[in-house]
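# Descriptive structure summary
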Amino acid sequence: MFNNYLLSVWRNFRRNRLFTTLNVSGLAIGIAACLLISQFVVHELSYDNFWPNGNRVFRVQLDRYNKGELTTRWAAGCVGIGPDLKANFPEVNTYVRMYESTALLSADGKDFIKEEGVYYASKDFFKVFGSHLLKGVDSTALNDPNMIVLSRSMARKYFGDQDPMGKTLYNKKVQYVVNGVFEDIPANSHMKLEALQSFTTFVKLIGRRNEAQLNSWQWDGMYTYILLNEKTDAKALEEKLPAFVEKREGENLKVEEAGMIFHLQALSDIHLDSNLIREFKTNGSRDTTYFLSVIAALILFIAWINYVNLSTAKSVERAREVGVRKVMGGFRAQLMQQFLVESILMNVIALTLAVGIALILSPWFSGLAGRELGYDLFMNGIFWLTAAVLIAVGASLSGLYPALVLSSYRPVEVLKGRFKNTGQGVLFRRSMVIIQFVASITLVVGTFTVYRQLGFMRSQALGVNIDQTVVLWSPNNIDSTYRNKFTVFKERVQGYAEVASVCGSTSVPGEQPDFNAGGIRRLSQRPEEANQYRIIEMDHDFIPAFGLQMAAGRAFSGEVSNERQHVIMNESATRIMGFAKPEDAINDQIYFWGDTFRIVGVVKNYRQESSKKSYDQLIFRYTASPEGYYAIKFNTTNARESMAKFENDWKELFPGNPFNFFFLDDKYDRQYQADQQFGEIFGVFAGLAIFIACLGLFGLSSLTAIQRTKEIGVRKVLGASVPSILGLVGKEYLILIGTAILFAVPASWWIMDQWLQAFASRITLSWWVFAIPGLLVVTIAMVTVSFHTIRAARTNPVTSLRYE
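Nothing here was measured: the structure is a model prediction, and the numbers come from that model.

What counts, and at which threshold
- Residues numbered from 1 in each chain as written.
- Predicted model: local features only at pLDDT ≥ 70, side-chain atom pairs only at ≥ 80, totals over all residues.
- Heavy atoms only, no water.
- Core = buried A, V, L, I, M, F, W, Y, C linked by side-chain atoms within 4.5 Å.
- Buried < 20%, exposed > 50% of the residue type's maximum accessible area, 1.4 Å probe, protein only.
- Helix = DSSP H or I, 4+ residues; strand = E, 2+ residues; numbered from the N terminus.
- Contact = heavy atoms within 4.5 Å.
- Pairing = 2+ DSSP bridges.
- Axes fitted to C-alpha atoms, helices over the stretch in contact; angles between N-to-C directions.
- Parallel < 35°, antiparallel > 145°, perpendicular 65-115°, else oblique.
- Left-handed = near helix turned anticlockwise from the far one by under 90°.
- Nonpolar A, V, L, I, M, F, W, Y, C, P; charged D, E, K, R; others polar.
- Salt bridge = Lys/Arg side-chain N within 4 Å of Asp/Glu carboxyl O.
- Patch = residues over 30% accessible without salt bridge, like charges linked within 9 Å, V, L, I, M, F, W, Y side chains within 5 Å.
- Areas by Shrake-Rupley, 256 points an atom, 1.4 Å probe, with all protein chains shown as cover.
- Lys, Arg positive; Asp, Glu negative; His and termini not counted.
- Charge placed at Lys NZ, Arg CZ, Asp CG, Glu CD.
- Phe/Tyr/Trp six-rings, centres within 6.5 Å; stacked < 30°, edge-to-face > 60°.
- Lys NZ or Arg CZ within 6 Å of the ring centre and 35° of its normal.

## Looking at the nonpolar core
- By size, the foremost hydrophobic cluster in this structure holds 103 residues, and its most contacted members are Ile295, Phe365, Phe437, Phe546, Phe620, Phe685 and Leu697.
- Residue contributions to this core peak at 13 residues, all from helix H2 (residues 17-45).
- Ile295 has contacts with Ile37, Leu443, Phe682 and Phe685, leaving out every residue within four places of it along the chain.
- If you look at the next biggest cluster of nonpolar residues, it comprises 28 residues, including Ala76, Tyr223, Leu227 and Leu267.

In structure tokens:
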């Protein structure tokens with residue numbers, strides 16, 4: 001019997017090549033899109049699931065408040081919280097503290113390479129995370145000063161195939177001994193780690209005078225991870241922390257009208273739910289991940305709707321087959337089995353094609369998503385089991401309705417030719433078309449909105465000139481001659497004809513300034529009126545080089561002897577400090593870092609970071625030789641050709657320091673990268689959704705043209721023109737798509753309004769934001785429908801009237 005089913009299915013496929021191709025293509029594209037998005041979603045949800053102790057490890061995250069207002073949210077919070085939690089809560093097994101190291105590494109102490117992912121880590125790092133060293137002893141590798149453990153890749157980079165254990169590695173002038181090698185941290189980790197230096201080295205470097213600060217709750221910037229004991233309820237522990245904060249810091253916080261709230265972040269939640277100050281790297285978004293999951297489900301749903309629609313619409317042509325089978329003794333259950341086998345077989349063929357498509361497109365999609373997705377998902381047995389169950393359920397459900405319809409035909413009526421589509425069947429197909437296009441139009445509106453928002457942000461006036469700017473990382477391996485060497489380098493580079501200016505600073509536009517200082521207030525204010533501000537140190541050429549505009553007062557000058565005691569603020573900082581207008585701030589004094597400074601100028605607000613964020617409150621300090629960045633402004637577009645000259649000057653003045661640079665506009669644009677990638681993914685799959693929906697329309701319009709062949713022939717004999725016939729047939733689909741637009745507009749408005757709330761500067765969802773995508777979808781759909789209708793309308797009426 002099963003062989004008979006397969007033979008019947010094969011004959012049906014051959015007899016209806018067009019509809020088989022449309023069905024299989026729609027299903028294959030839908031499943032392939034679903035697989036690609038699932039690959040991304042599973043990757044995002046898999047972050048940090050490889051740590052052996054992952055379910056017991058929590059990052060201690062700090063929120064700071066001022067006068068009841070949330071001012072800063074730290075991923076790397078206060079330095080003293082780890083030891084205090086260990087000492088006061090038995091639920092805490094142990095902890096690890098980590099602090100980023102400015103790394104210039106060298107195996108010979110001469111040629112240094114700037115590295116990222118190098119951190120100081122306290123001795124229990126491997127105990128907390130449960131990982132093991134490939135070489136060395138986990139429990140002692142980070143115990144002593146001047147010890148370092150390297151990733152497998154880092155060890156190979158500096159020592160080749162030699163055994164790195166016991167070898168010397170320099171970080172600037174500090175000499176380390178390699179005391180361990182760990183496996184490379186997978187890409188799906190919120191941390192980027194290449195080397196860990198013993199925390200005792202950090203203690204040694206800051207000196208005994210500052211060692212007491214390691215128990216402070218006022219020094220932020222230290223990552224703290226705690227390992228909880230088995231069966232400890234993290235939420236219950238977190239609820240105890242406010243009372244502990246009150247006990248330890250309550251008096252100080254009351255005086256300053258400040259607040260501190262600690263949160264325990266589960267390791268698996270950091271990547272998708274955390275976007276705070278001092279994250280290891282740019283994290284993902286749970287909303288985006290779930291959004292793409294919905295898109296994947298919608299595309300697969302649209303593909304299955306196509307199958308149902310085309311199969312039930314085709315049922316008119318298969319009615320006689322069903323009638324003959326019933327007359328020959330076929331039971332309804334047997335007919336349903338046949339049509340279900342046909343549905344499942346078609347889904348299996350589509351799945352096979354989809355896997356091939358997904359494997360071929362996986363590298364392209366990895367680039368589009370900005371993730372190293374690889375092929376791990378396709379080698380995961382659980383994934384394939386889930387996919388098989390999903391496809392089996394979907395194939396059965398999508399095949400069940402056509403099977404019920406086809407097997408329900410009454411043979412007497414069918415064989416006498418009195419069979420016709422039922423009103424319920426037509427209504428069902430129309431409803432499915434409407435649902436398809438509601439989903440498609442919503443996706444198109446979403447794509448249109450994302451790209452408009454990105455364009456809007458990039459078109460905003462930045463208030464700072466980032467064009468034709470090359471930025472060098474300043475040398476880290478320096479000595480007492482640094483200030484003179486910086487001056488010489490600056491003068492040499494400024495002497496080149498193609499260079500407009502050179503300036504130094506601790507931060508450049510396109511990043512959040514590293515220095516974040518609290519307790520800053522006007523000298524006339526009480527301590528409890530202090531606030532937090534971001535600090536940028538700069539030389540006197542920074543403001544003119546970047547084209548910042550003064551709102552009041554003056555810029556820094558290299559000719560003022562006591563300029564170090566002066567500061568400049570931006571407009572946001574003056575408002576927070578209580579000045580009614582920028583002019584009122586001039587010559588007032590502020591207090592911070594145990595010293596007083598006079599305000600000599602106020603710059604107009606500019607976009608230090610992307611327009612997705614509000615203006616930060618910034619305070620600028622003067623230094624003649626800043627450490628951090630050197631920005632070189634060009635008056636020509638041939639910047640790359642000049643870099644060789646700069647490098648020669650660099651090597652002469654800063655030997656042993658790597659010459660690394662980047663273009664500032666590229667760095668600034670990377671702030672929009674995640675939204676850009678989201679928009680591109682959204683656009684690609686919105687296009688696929690429309691394509692799949694139009695495949696269904698193409699098939700339905702073909703069937704409509706076939707079923708109305710005689711009607712069209714009669715109308716032509718009575719004088720109807722091709723445009724009037726096209727209008728008659730197209731009107732039905734136009735009404736369906738119009739209905740879909742009515743449902744899609746409020747749905748897409750609500751969804752995109754929720755998405756836009758994350759932006760400080762955002763577009764308004766005007767009526768044409770929905771009108772243009774709606775018109776686009778209507779046009780594409782009408783072109784699709786017109787193909788078969790025009791061909792039928794241009795057929796000779798004699799041929800049409802002979803049909804059947």
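Now that the structure has been shown, we can carry on.
## Focus on the pairing of strand E22 (residues 595-603)
- Strand direction decides the pairing type here: strand E19 (residues 550-553) and E22, joined by 3 bridges, are antiparallel. Paired with Met550 across the two strands is Val603, which belongs to E22.
- In terms of strand pairing, strand E20 (residues 566-570) meets E22 through 5 bridges, oriented parallel. Looking at E22, one finds that Met569 is bridged to Val602.

## Section: unusual backbone geometry
- Although it is not a glycine, Asp48 adopts a positive phi angle of roughly 65°.
- Note on placement: Asp48 falls in the loop between H2 and strand E1 (57-66).
- Of note in the backbone geometry, Asn146 takes a positive phi value of approximately 65° without being a glycine.
- Assignment of secondary structure puts Asn146 in the loop between strand E8 (133-135) and strand E9 (147-151).

## Observations regarding the packing of helix H16 (residues 482-494) against helix H20 (residues 639-653)
- Relative to each other, H16 and H20 sit at 165°, their axes nearing to 10 Å. By the criterion of interaxial angle, the relationship of H16 to H20 is roughly antiparallel. For the crossing formed where H16 meets H20, the hand is right-handed. On H20, the residues touching Lys485, Val488, Phe489, Arg492 and Val493 of H16 are Phe646, Asp649, Trp650, Glu652 and Leu653.
- Here the residues of the contact of H16 with H20 sort into 6 nonpolar, no polar and 4 charged.

## Examining the pattern of salt bridges
- According to the stated counting rule, one finds 27 salt bridges in the structure shown.
- A salt bridge links Arg286 to Asp273, with the nearest nitrogen and oxygen atoms 2.8 Å apart. One end of the pair, Arg286, is in helix H10 (residues 286-313); the other, Asp273, is in helix H9 (residues 270-273), with 13 residues separating them in the sequence.
- Close ionic contact of Lys645 with Glu498 constitutes a salt bridge, the shortest N to O distance being 2.7 Å. You can see Lys645 sitting in helix H20 and its partner Glu498 sitting in the loop between H16 and strand E16 (499-505), a full 147 residues away along the chain.
- For Glu498, a relative accessible area of 14% puts it in the buried group.

## Here we look at a negative patch on the surface
- Residues Asp467, Asp665, Asp666 and Asp669 make up a contiguous surface patch of negative charge.
- The topology assignment puts Asp665 in helix H21 (residues 664-669).

## Regarding the packing of aromatic side chains
- Overall, the coordinates contain 40 aromatic pairs when judged by the stated rule.
- When the centroid spacing of 5.6 Å and the interplanar angle of 55° are considered together, the rings of Phe556 and Tyr622 count as tilted. Within this pair, whereas Phe556 is found in the loop between E19 and E20, its partner Tyr622 is found in strand E23 (residues 618-622), the two being separated by 66 residues in sequence.
- When its relative accessible area of 6% is taken as the criterion, Phe556 is described as buried.
- Note on Tyr606 and Phe620: the rings are 6.5 Å apart at their centroids and 25° apart in plane angle, and the pair reads as stacked. With Tyr606 in the loop between E22 and E23 and Phe620 in strand E23, this residue pair connects regions lying 14 residues apart in the sequence. Like Tyr606, the residue Phe620 is buried in the burial classification.
- Pairwise contacts between aromatic rings join Tyr482, Phe486, Phe489, Tyr630, Trp650, Phe654, Phe659, Phe661 and Phe663 into one cluster.
- Positioned over the ring face of Tyr615 is Arg607, at 4.1 Å from the centre of the ring.
- The aromatic ring of Phe662 is capped on one face by Lys667, whose charged end is 5.3 Å from the ring centroid.

## What about the side chain of Ser610?
- Mapped onto the elements of the fold, Ser610 is located in the loop between E22 and E23.
- By relative accessible area, which is 6% here, Ser610 ends up buried.
- Sequence-distant contacts of Ser610, defined by excluding residues within four places in its chain, comprise Tyr668, Gln671 and Tyr672.

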